[in-house]
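Inside the fold
Each chain is listed here by its residues.
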Protein chains: 2
Amino acid sequence: MGHELPHPIDLAAVRRAAGRIAPHVHRTPVLTSHLVNQQAGCQLFFKCENLQRSGAFKARGAHNAVFSLPEKRRKRGVATHSSGNHGAALALAASGAGISAYVVMPDNAPTCKIEAVRAYGGEVRFCEPTLAAREAELDALCHQTGATFVPPFDDPAVIAGQGSCVLELVEQLAEPVDSLLMPVGGGGLLAGSAVAAAALWPDCAVIGAEPAGADDAARSFASGVRQSQLSPRTIADGLRTSLGALNFALIQKHVTAILTVDDADTIAAMRLIWTRMKLLVEPSAAVPLAVVLTRRDLFAGQRVAIVLSGGNADIDALPW
Amino acid sequence: MGHELPHPIDLAAVRRAAGRIAPHVHRTPVLTSHLVNQQAGCQLFFKCENLQRSGAFKARGAHNAVFSLPEKRRKRGVATHSSGNHGAALALAASGAGISAYVVMPDNAPTCKIEAVRAYGGEVRFCEPTLAAREAELDALCHQTGATFVPPFDDPAVIAGQGSCVLELVEQLAEPVDSLLMPVGGGGLLAGSAVAAAALWPDCAVIGAEPAGADDAARSFASGVRQSQLSPRTIADGLRTSLGALNFALIQKHVTAILTVDDADTIAAMRLIWTRMKLLVEPSAAVPLAVVLTRRDLFAGQRVAIVLSGGNADIDALPW
């Protein structure tokens, strides 16, 4: 993949991605809750990517990456490193294309994450739990099998794929919203969504929501220089990673603000979504609602859309 | 309400109910899961009434009952006895109509159930935990306030309202299904749905799913005489009640079969829905999927619709 694709990441690229992945992913519903609206003081629309295939929006980018590869190259398979939702999503996409997916995981990865990749037919390759070991294993693997590396977020096809959820949202809502929030980790979802929203809802504020304990996107956005996340401390396991380079460039161009929130508020928001909306969401997915509930003044009376990014919570280890 | 309404409970009554309640209830999504289909060996469509307002299909019948009352009578309020979803749904419907809802509950009812009724603006009246005390309190209450009793299931307006979920399902699916399953407790959902399905999908088998430990509907259906449920033993708290009289008559006429399942299978099905579909469902809602998974031969290769009846599970006391 790399950054050398001939096409820019624009609305047309997001539209092509949406068309390409449509046969393979769910058109997820947009749900509302009177009780949550009352509590938030605004009108909320939840785009339920927790109900997406593989349990997260990651299925969009992974399918776009797999199905935009030239056939000859695609047939040699795809590979990635991931201990989270991207690995499972890539395994699912590869399975749909009838090709192999190799997922490099640290040998101390939780069993449930390993099982998720295998449940979708992915082949897990273990390595020592260091960045160097992971990259060495991935390089060796791609060299040996001819598989194409599909990065989890810092990739044009992945970013364009993630943006397709906003195309659906625009079709599903009768009118634009005033604010659109989603979590930001590596920035695939936020960058792709911001590209689509900037073109289709030009007056909408696009806001990244981030845990205070992993606030590299907020620091990068404020300083104008991409910062790393060295020691993330947050329950939102999907958001511990550092912002990607391509992602940061698009976020600088199209995003209005990055707002942070404490884990205690994220856990309260997660519990509210479970109990009031009957939706299983993982901690990362609750971060945007936590932002809205702790910054009511910013959103009072607005129409606000939130992307519920994923539902892969461990139901045997809940944070309450 | 009573059984003396001039209109029969037919497709036209269900259609009138659907129109009457449309401004007040959600049109719930129909979701699918490749993984659950693989496990079940058939193509499943889940009508998500757990995502309905008040967290259960009960909002449909309660709104139809409230909004079909003549205005003068409606203004004096509504009343019921319930320690479950109907009480909360009636409180919600009354609140939408700007009238009072009185809910008689045993003084040993769980705090969370009491809170649910109050959260929707209902007024809770406590009584001793016996049938006699409950009926006496309800009679006194209706006499004193002029409120109309809205029964939880044995009522034409309630039955017609519950049936509206099948009207939506018929609109949402491109083709009829071979089998339609839903839980049966008092029989409001099953009776109303069977009336609609018999008219719109005449070739579809309509199946009630019931816990083996509260199998009065299965016994009634088999014997042709309505049986009581004296000592229910099941985790599916919404299904411990006995089948209603009107409900039984409609079920005899329009339902194909009542199938029972053990609680262990219900818990496994509930966990599957939580982990694979990211939907919070209460035990009662998982009974139909448990039936499908334990009777694969009956449904092999079919298109099967299941009504996920509710999501009011206590997330601090999960059965696994």
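Residues numbered from 1 in each chain as written. Chains lettered and ligands numbered in written order. Predicted model: local features only at pLDDT ≥ 70, side-chain atom pairs only at ≥ 80, totals over all residues. Heavy atoms only, no water.

1. Observations concerning the relation of the copies chain A and chain B
As a reminder of what qualifies: The least-squares superposition of copies is restricted to C-alpha atoms, and to residues with a pLDDT of at least 70 in both copies. Residue contacts are counted whenever heavy atoms from the two residues lie within 4.5 Å of one another.
Overlaying chain A on chain B yields an RMSD of 0.0 Å, the required transformation being a rotation through 180° with an accompanying axial translation of 0.0 Å. Expressed as an axis order, the relation between the two copies is that of a two-fold axis. Nearest to the rotation axis, the C-alpha of Leu279 of chain A is located 2.5 Å from it, this being the minimum over chain A. Residue by residue, 100% of the interface of chain A is reproduced at the interface of chain B, so both copies engage with the same surface.

2. Description of the pattern of salt bridges
Residue and element names in this part refer to chain B. Short version of the rule: A pairing counts as a salt bridge when a side-chain nitrogen of Lys or Arg comes within 4 Å of a carboxyl oxygen of Asp or Glu. Secondary structure elements are defined from DSSP: runs of H or I of at least 4 residues count as helices, runs of E of at least 2 residues count as strands, and each element is numbered from the N terminus. The rule is simple: take the accessible area with a 1.4 Å probe, protein chains only, and divide by the maximum for that residue type; under 20% is buried, over 50% is exposed, in between is partly exposed.
This model, assessed by the stated rule, comprises 18 salt bridges over all chains. Note that Glu171 is salt-bridged to Arg27, the shortest N-O span being 2.9 Å. Note that Glu171 is positioned in helix α8 (residues 156-172) and Arg27 in the loop between α1 (11-21) and β1 (30-31), a separation of 144 residues in sequence. Look at Glu171 and you get exposed, because its relative accessible area is 57%. When its relative accessible area of 48% is taken as the criterion, Arg27 is described as partly exposed. A salt bridge links Glu123 to Arg125, with the nearest nitrogen and oxygen atoms 3.1 Å apart.

3. What to know about the packing of aromatic side chains
Worth spelling out the cut-off: To pair, rings of Phe, Tyr and Trp, with the six-membered ring standing in for Trp, must have centres within 6.5 Å; the planes then decide the type, stacked if under 30 degrees apart, edge-to-face if over 60, and tilted in the middle.
For the coordinates displayed, the defined rule picks out 3 aromatic pairs over all chains. Ring geometry for Trp274 of chain A and Trp320 of chain A: centres 5.2 Å apart, planes at 85°, overall edge-to-face. Taken together, the positions of Trp274 of chain A in helix α12 (residues 263-277) and Trp320 of chain A in the segment after β10 (303-308) put the pair 46 residues apart, joining distant regions of the chain. A centroid spacing of 5.9 Å and a plane angle of 70° characterise the contact between Trp274 of chain A and Trp274 of chain B, whose relative ring orientation is edge-to-face. Of the two residues, Trp274 of chain A is situated in helix α12 and Trp274 of chain B in helix α12 (residues 263-277); the pairing between them involves two chains. What makes Trp274 of chain B buried here is its relative accessible area of 0%.

4. Thoughts on the pairing of strand β3 (residues 78-81) of chain A
Residues and elements named next belong to chain A. What counts, and what does not: Criterion used throughout: strands pair if DSSP finds at least two bridges between them. Viewed with both strands pointing away, a crossover whose connecting path from the first strand over the helix to the second turns clockwise is right-handed.
Because side chains alternate across β3, one face comprises the buried residues Val78 and Thr80, and the other comprises Ala79 and His81, equally buried. Bridge analysis of β3 against strand β4 (residues 101-106) gives 4 bridges, and the strand direction is parallel. Bridge pairing links Thr80 to Val103 in β4. Handedness of the β-α-β unit built from β3, helix α5 (residues 85-97) and β4 comes out right-handed. Relative to strand β6 (residues 148-149), β3 runs parallel, the two sharing 2 bridges. By the bridge assignment, Val78 is partnered in β6 with Thr148.

5. Description of the side chain of Glu168 of chain A
Structurally, Glu168 of chain A can be placed in helix α8 (residues 156-172). In this structure Glu168 of chain A touches His26, Arg27, Thr28, Lys47 and Arg60 of chain A, once residues within four positions along its chain are discounted.

6. Considering the sheet that holds strand β6 (residues 148-149) of chain B
Residue and element names in this part refer to chain B. Rule in force here: Simply put, an axis is a line fit to the C-alpha atoms, just over the touching stretch for a helix, and the angle between two N-to-C directions goes from 0 to 180 degrees.
Taken in spatial order, the 4 strands make up an open sheet running β5-β4-β3-β6, and their pairing is parallel. On the outer flanks of this sheet lie β5 (123-127) and β6, each paired with one strand and no other. The sheet contacts of helix α6 (residues 111-119) involve β4 (101-106) and β5, and relative to β5 the element is tilted by about 145°.

7. A word on the pairing of strand β8 (residues 205-211) of chain A
All names here are of chain A. Of all 7 residues that make up β8, 7 are buried, and the element is covered over most of its length. Residues Ala205, Ile207, Ala209 and Pro211 of β8 are buried on one face, and the alternating residues Val206, Gly208 and Glu210, pointing to the opposite face, are buried as well. Once you follow strand β7 (residues 179-183) into helix α9 (residues 188-200) and on to β8, the crossover reads as right-handed. Alignment of β8 against strand β9 (residues 257-261), held across 5 bridges, turns out to be parallel. Each bridged residue has a counterpart across the sheet, and for Ala209 the counterpart in β9 is Leu259.

8. Concerning the interface of chain A and chain B
For an interface, size is often stated in terms of accessible area lost upon the parts coming together. Put simply, the rule is: Buried surface area refers to the total accessible area, computed with a probe of radius 1.4 Å, that the two partners give up upon joining, counted for both partners together. Side-chain atoms alone can form a polar contact between residues adjacent in sequence; in general such a contact is a pair of N or O atoms within 3.5 Å, and within protein one must be able to donate a hydrogen while the other accepts it. Just so you know the grouping, Ala, Val, Leu, Ile, Met, Phe, Trp, Tyr, Cys and Pro go in nonpolar, Asp, Glu, Lys and Arg go in charged, and all remaining residues, Gly too, go in polar.
Taken together, the 26 residues of chain A in the interface contact 26 residues of chain B. The junction of chain A with chain B conceals about 2,100 Å² of combined surface from both sides, 64% of it contributed by carbon and sulfur atoms. On the chain A side of the interface with chain B, the three residues burying the most area are Lys278, Leu280 and Ile315 of chain A, jointly 29% of the side's total. Inspection of the region where chain A meets chain B yields 2 salt bridges. As a salt-bridge pair, Arg271 of chain B and Asp316 of chain A come within 2.7 Å of each other at their nearest N and O atoms. Taken together, chain A and chain B are joined by 12 residue pairs in polar contact (both at pLDDT 80 or more). Counting residues per element, the ones that place at least two in the side of chain A that touches chain B are α2 (34-40) and α12 of chain A. At 5 residues, α12 of chain A tops the list of elements feeding residues into the side of chain A that touches chain B. Its residues assigned to classes, the side of chain A that touches chain B comprises 13 nonpolar, 8 polar and 5 charged.

9. A closer look at the packing of helix α3 (residues 58-68) of chain A against α5 of chain A
All names here are of chain A. What counts here: For classification, angles of less than 35 degrees are called roughly parallel, those exceeding 145 degrees roughly antiparallel, those between 65 and 115 degrees roughly perpendicular, and all remaining angles oblique. Put simply, a crossing is left-handed when the front helix is turned counterclockwise from the back one by less than a right angle, and right-handed when it is turned clockwise.
At a minimum axis separation of 8 Å, α3 and α5 run at an interaxial angle of 45°. When the axis of α3 is compared with that of α5, the two are oblique. Once α3 is placed against α5, the crossing between them reads as right-handed. Here Lys58, Ala59, Ala62, His63, Val66 and Phe67 of α3 lie close against α5, whose contacting residues are Asn85, His86, Ala89, Leu90, Leu92, Ala93, Ala94, Gly96 and Ala97. Classifying every residue of the contact of α3 with α5 gives 10 nonpolar, 4 polar and 1 charged.

10. Observations regarding unusual backbone geometry
Residues and elements named next belong to chain A. Of note, Ser54 is a non-glycine position whose phi angle comes to about 70°, a positive value. Summarising the element assignment, Ser54 is placed in the loop between β2 (43-48) and α3. Ser54 gets classed as buried once you look at its relative accessible area, which sits at 9%.

11. Some thoughts on helix α1 (residues 11-21) of chain A
Residue and element names in this part refer to chain A. Formally: By arc we mean the arc of the directions from the helix axis to the C-beta atoms, nothing more.
Those residues of α1 that fall on the buried side of the exposure criterion are Leu11, Ala13, Val14, Ala17 and Ile21. End-on view of α1: buried residues confined to an arc of 160°, all on one side of the axis. Contacts from the buried residues of α1 go to α3, α8 and α9.

12. A few points about the environment of Lys47 of chain A
Residue and element names in this part refer to chain A. For Lys47, the position within the fold is in strand β2. Overall, the relative accessible area of 0% leaves Lys47 in the buried class. It is 8.3 Å that separates the C-alpha atoms of Lys47 and Ser309, two residues lying 262 residues apart in sequence. In contact with Lys47, not counting residues within four places along its chain, are Thr28, Pro29, Val30, Arg60, Cys165, Glu168, Leu169, Gln172, Ile306, Val307 and Leu308. Within the structure, the side chain of Lys47 is placed 2.9 Å from the side chain of Gln172, a separation counted as a polar contact.

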